[in-house]
Amino acid sequence: MNTLVLESNELGEFPVDVYQKLSNDRILFICDDLTDSVASDIVATLLLKDAEDSEKKITLFINSMGGDIRNALMIYDMMQMIDSPIETVCIGFAMNEAVIILAGGTPGMRLATKNASIAVSQLTSDWFINSDLPNAKKMLDLSMQDNKRMMDILAKCTGKTLKQVSKDFDRKVFMNSAQAVKYNLIDKVVKSNK
Amino acid sequence: MKYSNHEHDHENIRPILTGYADTYVKLAKHRVIVVAENVSANMAAELSALLLYFDNEDHESVIEMYLHSNGGATSGLSNIYDVMQMISAPIKTVCVGKCYSAAAVLLAAGTKGERYAMKNSSIMIHGIQVGFPLPGHDITSSKNYYEFLKEHNDNIIKILAHHTGHPLEKVKEDCNQDIWMNAKQALEYGLIDHIVE
């Protein structure tokens, strides 16, 4: 779809990308699976915006079904590293790995729209390798480590214990935004201005 | 269109065998089985049916199994192995060409003193090979699946250790990677008893 809009100044009219224009106002979008390219784009933009001004907030809109856990952790770590406060807003859907980005926003600034859904479960594998058993063991250990990392982050963001979080998210849990506020994954539901 | 043809009725009484099927039927008369395919559930059913049939015919004389196989599924392997151990007729196994993975276990599982390999044949043993983890499943089921696979692997190691006479720990250590052997090395390892010169 065309995402170019016309911008005009004293030199004349010229096309600008909508996302580019929004990112000038420190508004970023994660509206895709967490692929390598999406994650690196977001991380680069976060760094740039933080370098420009580390006092003003950066807004992150999230509508993602998750993706690679490593990419989610990369974005999460960068969000914790930079000084600018980060407002996260869930629009539509945040699932599994994308939830740690949503919950990892600055405390008090984690929002969701009224009809947004949030789903959390333990890590699921979307790949497999053909190998011998010792290698399979290593793969299992790695996945369990990643799962523990994710649960650790969820526990930290919700203020619950690791044991509690692991128990709650043993099977897939679907929440609407009000339930997510209750679980402390987000802080408040965005109010309609109308 | 005719639904019955009296001229061709004799075909139903005496089936015409084509290709090599004739040879295998004649070999079966002498209690010889030629295993020249990958180990699978289907093949395991056929092979165990043959073994049970020959055993039922005669408990005393030797059944000969000629193996030339890449190996295959563990489910098929455990099926055949259990039948081989169950029947009372002695089983002579001969490796012709290649016996890899599951086929090597079948070779070693023959009656002690009746396990042969052709002079230029090659043999390979290893632990089970797996596709891991199952896509779309969560960590808990991956963990369960791993335990299940480990049990299968331990079972195969136990069988190999039993038939080669090596201690369990040694075989377990060896089977972490593929071991490729010629007939002479297989004899030294205890997988076979004789080399056919």
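Placed above this text is the structure.
Since this is a predicted model, take the numbers as computed values, not measurements. (Residues numbered from 1 in each chain as written. Chains lettered and ligands numbered in written order. Predicted model: local features only at pLDDT ≥ 70, side-chain atom pairs only at ≥ 80, totals over all residues. Heavy atoms only, no water.)

**Describing unusual backbone geometry**
So, point 1. The residue after Phe132 of chain B, namely Pro133 of chain B, is reached through a cis peptide bond having omega -10 degrees.
So, point 2. Residues other than glycine seldom take positive phi values, yet Asn96 of chain A does so here, at roughly 40 degrees.
So, point 3. In this structure, Ser101 of chain B takes a positive phi of about 55 degrees despite not being glycine.
So, point 4. Relative to the helices and strands, Ser101 of chain B resides in the loop between β3 (91–100) and α5 (102–108). (Helix = DSSP H or I, 4+ residues; strand = E, 2+ residues; numbered from the N terminus.)

**Here's the deal with the packing of aromatic side chains**
So, point 1. Under the definition given, this model contains 8 aromatic pairs over all chains.
So, point 2. Measuring from centroid to centroid gives 5.2 Å for Phe29 of chain A and Phe61 of chain A, while their planes differ by 20 degrees, and the two rings are stacked. Within this pair, whereas Phe29 of chain A is found in strand β3 (residues 27–30), its partner Phe61 of chain A is found in strand β4 (residues 58–64), the two being separated by 32 residues in sequence.
So, point 3. Ring centres 6.1 Å apart and planes at 70 degrees place the aromatic pair Phe132 of chain B and Tyr146 of chain B in the edge-to-face group. (Phe/Tyr/Trp six-rings, centres within 6.5 Å; stacked < 30°, edge-to-face > 60°.)

**Here's the deal with the interface of chain B and chain A**
The parts lose accessible area when they come together, and the size of an interface is often stated as this lost area.
So, point 1. On the side of chain A, 22 residues touch chain B, which itself brings 20 residues to the contact.
So, point 2. Looking only at chain B, the three residues that lose the most surface to chain A are Phe132, Ile139 and Tyr146 of chain B, adding up to 35% of its buried area.
So, point 3. Our count for the contact surface shared by chain B and chain A stands at 1 salt bridge.
So, point 4. Residue Arg171 of chain A is joined to Asp138 of chain B by a salt bridge in which the shortest nitrogen-to-oxygen separation is 3.7 Å.
So, point 5. Linking chain B to chain A there are 8 residue pairs in polar contact (both at pLDDT 80 or more).
So, point 6. Among the elements of the structure, β6 (129–132) and α6 (139–164) of chain B are those that each provide at least two residues to the side of chain B that touches chain A.
So, point 7. With 8 residues, α6 of chain B is the largest single contributor of residues to the side of chain B that touches chain A.
So, point 8. Of the residues assigned to the side of chain B that touches chain A, the class counts are 9 nonpolar, 8 polar and 3 charged. (Contact = heavy atoms within 4.5 Å. Buried area = accessible area lost by both parts, 1.4 Å probe. Salt bridge = Lys/Arg side-chain N within 4 Å of Asp/Glu carboxyl O. Polar contact = N/O pair within 3.5 Å; in protein donor to acceptor, adjacent residues only side chain to side chain. Nonpolar A, V, L, I, M, F, W, Y, C, P; charged D, E, K, R; others polar.)

**Digging into the side chain of Ser69 of chain B**
Residues and elements named next belong to chain B.
So, point 1. Relative to the helices and strands, Ser69 is located in strand β2 (residues 63–69).
So, point 2. According to the relative accessible area criterion, Ser69 is buried, its value standing at 2%.
So, point 3. Of note is the side chain of Ser69, whose polar atom sits 3.0 Å from the backbone nitrogen of Gly71.
So, point 4. Once you skip the residues sitting within four places of it in the chain, Ser69 turns out to touch Glu37, Asn38, Val39, Lys98, Cys99, Tyr100 and Ala103. (Buried < 20%, exposed > 50% of the residue type's maximum accessible area, 1.4 Å probe, protein only.)

**As for the packing of helix α5 (residues 133–158) of chain A against α6 of chain B**
So, point 1. Between α5 of chain A and α6 of chain B, the least distance of the axes is 11 Å, while the angle of their chain directions is 160 degrees. On the basis of the axis angle, α5 of chain A is roughly antiparallel to α6 of chain B. Here the hand of the crossing between α5 of chain A and α6 of chain B comes out left-handed. Between α5 of chain A and α6 of chain B, the contacting residues are Leu133, Ala136, Lys137, Leu140, Ser143, Met144 and Asn147 of chain A on the first element and Ile139, Ser142, Lys143, Tyr146, Leu149, Lys150 and Asn153 of chain B on the second.
So, point 2. Class assignment of the residues belonging to the contact of α5 of chain A with α6 of chain B gives a composition of 7 nonpolar, 4 polar and 3 charged. (Axes fitted to C-alpha atoms, helices over the stretch in contact; angles between N-to-C directions. Parallel < 35°, antiparallel > 145°, perpendicular 65-115°, else oblique. Left-handed = near helix turned anticlockwise from the far one by under 90°.)

**Thoughts on the pattern of salt bridges**
Residue and element names in this part refer to chain A.
So, point 1. Scanning all chains against the criterion turns up 15 salt bridges over all chains.
So, point 2. The salt bridge involving Glu52 is made with Lys49; its shortest N-O contact spans 3.5 Å. Taken together, the positions of Glu52 and Lys49, both in helix α2 (residues 36–52) and 3 residues apart, correspond to about one turn of that helix.
So, point 3. The salt bridge involving Asp170 is made with Arg171; its shortest N-O contact spans 3.8 Å.
So, point 4. One salt-bridge network, in which partners are shared between bridges, spans Asp68, Arg70, Asp146 and Arg149.

**Some details on the nonpolar core**
So, point 1. Counting residues in each nonpolar core, the largest one holds 53 residues, and the members touching the most others are Leu51, Ile123 and Leu191 of chain B.
So, point 2. When sequence neighbours within four positions are dropped, the list of residues in contact with Ile123 of chain B reads Cys95, Cys99, Tyr100, Ala104, Leu107, Ala117, Ile179, Trp180, Met181, Ala186 and Leu191 of chain B. (Core = buried A, V, L, I, M, F, W, Y, C linked by side-chain atoms within 4.5 Å.)

**A look at the environment of Cys31 of chain A**
So, point 1. Summarising the element assignment, Cys31 of chain A is placed in the loop between β3 and α2.
So, point 2. Beyond its immediate stretch of four places on either side in the chain, Cys31 of chain A contacts Asn63 and Ile91 of chain A.

**Digging into the side chain of His126 of chain B**
Residue and element names in this part refer to chain B.
So, point 1. Residue placement: His126 occurs in the loop between β5 (122–125) and β6.
So, point 2. A relative accessible area of 12% places His126 in the buried class.
So, point 3. At a separation of 3.1 Å, a polar atom in the side chain of His126 contacts the side chain of Ser101.
So, point 4. Only 2.8 Å separates the side chain of His126 from the side chain of Asp178, close enough to count as a polar contact.
So, point 5. Apart from residues lying up to four places away in sequence, His126 is in contact with Ser101, Cys175, Gln177 and Asp178.

**Focus: the environment of Val181 of chain A**
Residue and element names in this part refer to chain A.
So, point 1. Mapping Val181 onto the fold places it in helix α7 (residues 177–182).
So, point 2. The class for Val181 is partly exposed, based on a relative accessible area of 27%.
So, point 3. The contact partners of Val181, leaving out residues within four places of it in the chain, are Ile186, Asp187, Lys188 and Val189.

**Section: the environment of Ile101 of chain A**
All names here are of chain A.
So, point 1. Inspection of the secondary structure puts Ile101 in helix α4 (residues 97–103).
So, point 2. Sequence separation between Ile101 and Leu47 is 54 residues, and the spatial gap between their C-alpha atoms is 16 Å.
So, point 3. Those residues within four positions of Ile101 in sequence are excluded, and the remaining contacts are Ile30, Leu34, Leu60, Ile62, Ala72, Ile75, Met79 and Thr88.

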